[in-house]
Amino acid sequence: SVPKPASLVDSSEATPDQESLEAQNIFELLGASKGSDAEKEAFLDELQQVIWEDFVANDIPLLLTHDELAQVQEIQAKTTDLAKQQEEIVTFLEKLIPDLEDIMLEKALELKREMVNERLAGLRTHLAGQTDKLAKLNEAEQAMYQHKWRSVAQKLNALS
């Protein structure tokens with residue numbers, strides 16, 4: 001099945017590198033760790049849907065032959081239950097794409113990076129003219145370029 005973002009966004013067992021993007025909790029990275037469990041679950045469900053829709057629209061056509069793509073479209077046409085449809089498509093794709101889980105993980109990490117970039121840009125606008133805080137924001141940005149994601153989260157959260 002498609003990895004749930006919850007298992008992707010804060011799975012420190014995924015890598016021994018505590019600064020890696022994989023090891024970071026998405027809510028810490030986005031400064032949203034105070035939300036309720038229900039809000040967090042809803043957000044993760046939304047992320048999973050965004051990742052899935054992007055995968056279906058952009059990756060599947062590149063990974064499958066014309067006939068295989070027609071089979072996916074057939075699955076989509078035969079059921080309106082999106083969860084069942086997704087499950088059937090994943091089952092079909094797992095037979096064709098041995099590294100499907102790796103592809104989905106990379107898509108989740110790409111989305112995570114984009115959201116942190118958006119947070120940085122938003123903070124840059126919000127903190128315009130506050131030289132001391134912009135300097136701290138620049139430090140967070142430098143940590144991001146060095147792939148020190150835990151440091152990014154700590155520096156950004158210190159600004160909030």
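None of these values were measured; they are calculated from a predicted model.

Draft legend 1. A look at the side chain of K40. Relative to the helices and strands, K40 is located in helix α3 (residues 37-63). The charged side chain of K40 is buried without a salt bridge, its nearest counter-charge being D37 at 4.9 Å. Residues within four places of K40 in sequence aside, it is in contact with F27, A32, S33 and G35.

Draft legend 2. Structural view of α3. V56 marks the point of greatest bend in α3, at about 40 degrees. Along α3, the residues classified as buried are K40, L44, L47, Q48, I51, W52, F55, V56, D59 and I60.

Draft legend 3. Representation of helix α4 (residues 66-78) within the structure. Taking 1.5 Å of rise per residue, 13 residues should cover 18 Å, and α4 covers 18 Å from first to last C-alpha, within 8% of that figure. Residues E68, V72 and I75 constitute the buried set of α4. What you see down the axis of α4 is that its buried residues fit within an arc of 55 degrees, all on one side. Residues H66, D67, E74, A77 and K78 are exposed on α4 and point more than 90 degrees away from its buried face. On its buried side, α4 packs onto α3 and α5 (82-96).

Draft legend 4. The pattern of salt bridges, seen in detail. Using the criterion set out here, one finds 7 salt bridges in the structure. Between D54 and K107 there is a salt bridge, with its nearest N and O atoms 2.3 Å apart. Placement of the pair is D54 in helix α3 and K107 in helix α6 (residues 100-126), with a sequence separation of 53 residues. Owing to a relative accessible area of 12%, K107 belongs among the buried residues under this scheme. Salt-bridge contacts for E139 lead to K155; the nearest nitrogen and oxygen are separated by 3.8 Å.

Draft legend 5. Representation of a negative patch on the surface. Residues E94, D99, E101 and D102 make up a contiguous surface patch of negative charge. Structurally, the position occupied by E101 is in helix α6. Taking the relative accessible area as the measure of exposure, E101 reaches 56% and is therefore exposed.

Draft legend 6. The confidence of the model for the protein, seen in detail. Confidence in the prediction for the protein averages 90 pLDDT; 90% of positions are at 70 or higher. Element-level mean pLDDT values for the protein span from 47 in helix α1 (residues 5-9) up to 96 in α4. Contacts from residues 11-15, a stretch scored under 50 in pLDDT, to residues over four places away or in other chains number 8 contacts.

About the criteria used
- Residues numbered from 1 in each chain as written.
- Predicted model: local features only at pLDDT ≥ 70, side-chain atom pairs only at ≥ 80, totals over all residues.
- Heavy atoms only, no water.
- Helix = DSSP H or I, 4+ residues; strand = E, 2+ residues; numbered from the N terminus.
- Buried < 20%, exposed > 50% of the residue type's maximum accessible area, 1.4 Å probe, protein only.
- Lys, Arg positive; Asp, Glu negative; His and termini not counted.
- Salt bridge = Lys/Arg side-chain N within 4 Å of Asp/Glu carboxyl O.
- Contact = heavy atoms within 4.5 Å.
- Bend = angle between axes of the 7 residues up to and from the residue.
- Expected span 1.5 Å × (residues − 1).
- Arc of directions from axis to C-beta.
- Patch = residues over 30% accessible without salt bridge, like charges linked within 9 Å, V, L, I, M, F, W, Y side chains within 5 Å.
- Areas by Shrake-Rupley, 256 points an atom, 1.4 Å probe, with all protein chains shown as cover.
- Charge placed at Lys NZ, Arg CZ, Asp CG, Glu CD.
- pLDDT = per-residue confidence, 0-100.

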